[in-house]
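Coordinate inspection notes
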Amino acid sequence: VSGALATKDVTIVSFNPVYQIVGDSTITEGQTKTYTFRASGHPVGETFYWELRNFGDPDTYVAFGSDLVTARTGNGVTTDNGSGGSQLEIVIEVDTDSSDETAYGEQFKLVVWDDAADYATPITYSGDISGELAQKVIAINEIAPTPTATVEPTPTPSPVNFTIRFQLDGGN
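The structure reproduced in this document is the subject of the present report.

What counts, and at which threshold
Residues numbered from 1 in each chain as written. Predicted model: local features only at pLDDT ≥ 70, side-chain atom pairs only at ≥ 80, totals over all residues. Heavy atoms only, no water. Helix = DSSP H or I, 4+ residues; strand = E, 2+ residues; numbered from the N terminus. Contact = heavy atoms within 4.5 Å. Pairing = 2+ DSSP bridges. Axes fitted to C-alpha atoms, helices over the stretch in contact; angles between N-to-C directions. Phe/Tyr/Trp six-rings, centres within 6.5 Å; stacked < 30°, edge-to-face > 60°. Buried < 20%, exposed > 50% of the residue type's maximum accessible area, 1.4 Å probe, protein only. Lys NZ or Arg CZ within 6 Å of the ring centre and 35° of its normal.

1. Considering the environment of T78
Along the chain, the position of T78 falls in the loop between β5 (73-77) and β6 (79-80). Sequence separation of T78 and H42 is 36 residues, and the distance between their C-alpha atoms is 9.0 Å. Beyond its immediate sequence surroundings of up to four residues, T78 is in contact with P43, V44, G45, E46, F48, S86, Q87 and L88.

Right, dumping it as structure tokens:
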């Protein structure tokens, strides 16, 4: 056929990346745990940003400066996860503090972003979260402080010196 255009069927596949954070949902005071952010469909070598953020009831807020050894925010470059995507390992270390916060049930969120501009900046670090790639709630298991007993030595009595005098009368 002269002058005819050749046609070919083309299928366009749209791929939506899947993001997740893998790791325990609890961490005990004094522990260090690794959490893995996985990004399927993302090339290796991309930078992602993470933060630890308070949420919910202010009584459950973490005092990041004293409860955690880990910085509240950070970033890293992804590596190959062996499954056609990339991953970023995030290490979180919780301090063993001397406060007993058992009644409060401290918890925080690990949130991963593609832009550091999304970090919560007011001092409670508890703003609304939107636009994140993934988040995970992590509760802190409290180790109640061990009471310390102070043993006070029993005082040793001091010797008492005294003199007894007798007077004898001539036979009466």
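2. Quick look at the sheet that holds strand β9 (residues 134-141)
Strand order in this open sheet of 5 strands is β2-β9-β8-β4-β5, and the pairing throughout is mixed. Only two strands of the sheet have a single neighbouring strand rather than two, namely β2 (26-28) and β5. Here the average twist between neighbouring strands, direction ignored, is 25 degrees. Where β2 lies against β9, 3 bridges are found, and the strand directions are parallel. By the bridge assignment, T26 is partnered in β9 with A139.

3. Topic: the packing of aromatic side chains
On inspection of all chains with the given rule, the structure shows 3 aromatic pairs. Considering the side-chain rings of Y19 and F37, the 5.9 Å spacing of their centres and the 5 degrees angle between planes classify their relative orientation as stacked. A residue pair is termed long-range when its members are at least 10 positions apart, and Y19 in strand β1 (residues 18-22) and F37 in strand β3 (residues 32-40) qualify at 18 residues. Taking relative accessible area as the criterion, Y19 reaches 22% and is therefore assigned partly exposed. Note on F37: relative accessible area 0%, which makes it buried. Judged by centre distance (6.1 Å) and plane angle (65 degrees), the rings of F64 and Y125 are edge-to-face. Taken together, the residues span a long stretch of sequence, with F64 in helix α1 (residues 64-67) and Y125 in the loop between β8 (107-113) and β9 at a distance of 61 residues. Given the relative accessible area of 10%, F64 is considered buried. Members of the aromatic cluster, each reached through a chain of ring pairs, are Y19, F37 and F48. The ring centre of F64 lies 6.0 Å from the NZ or CZ of R72, which sits over that ring. Over the ring of F55 we find K109; its NZ or CZ atom is 4.7 Å from the centre of that ring.

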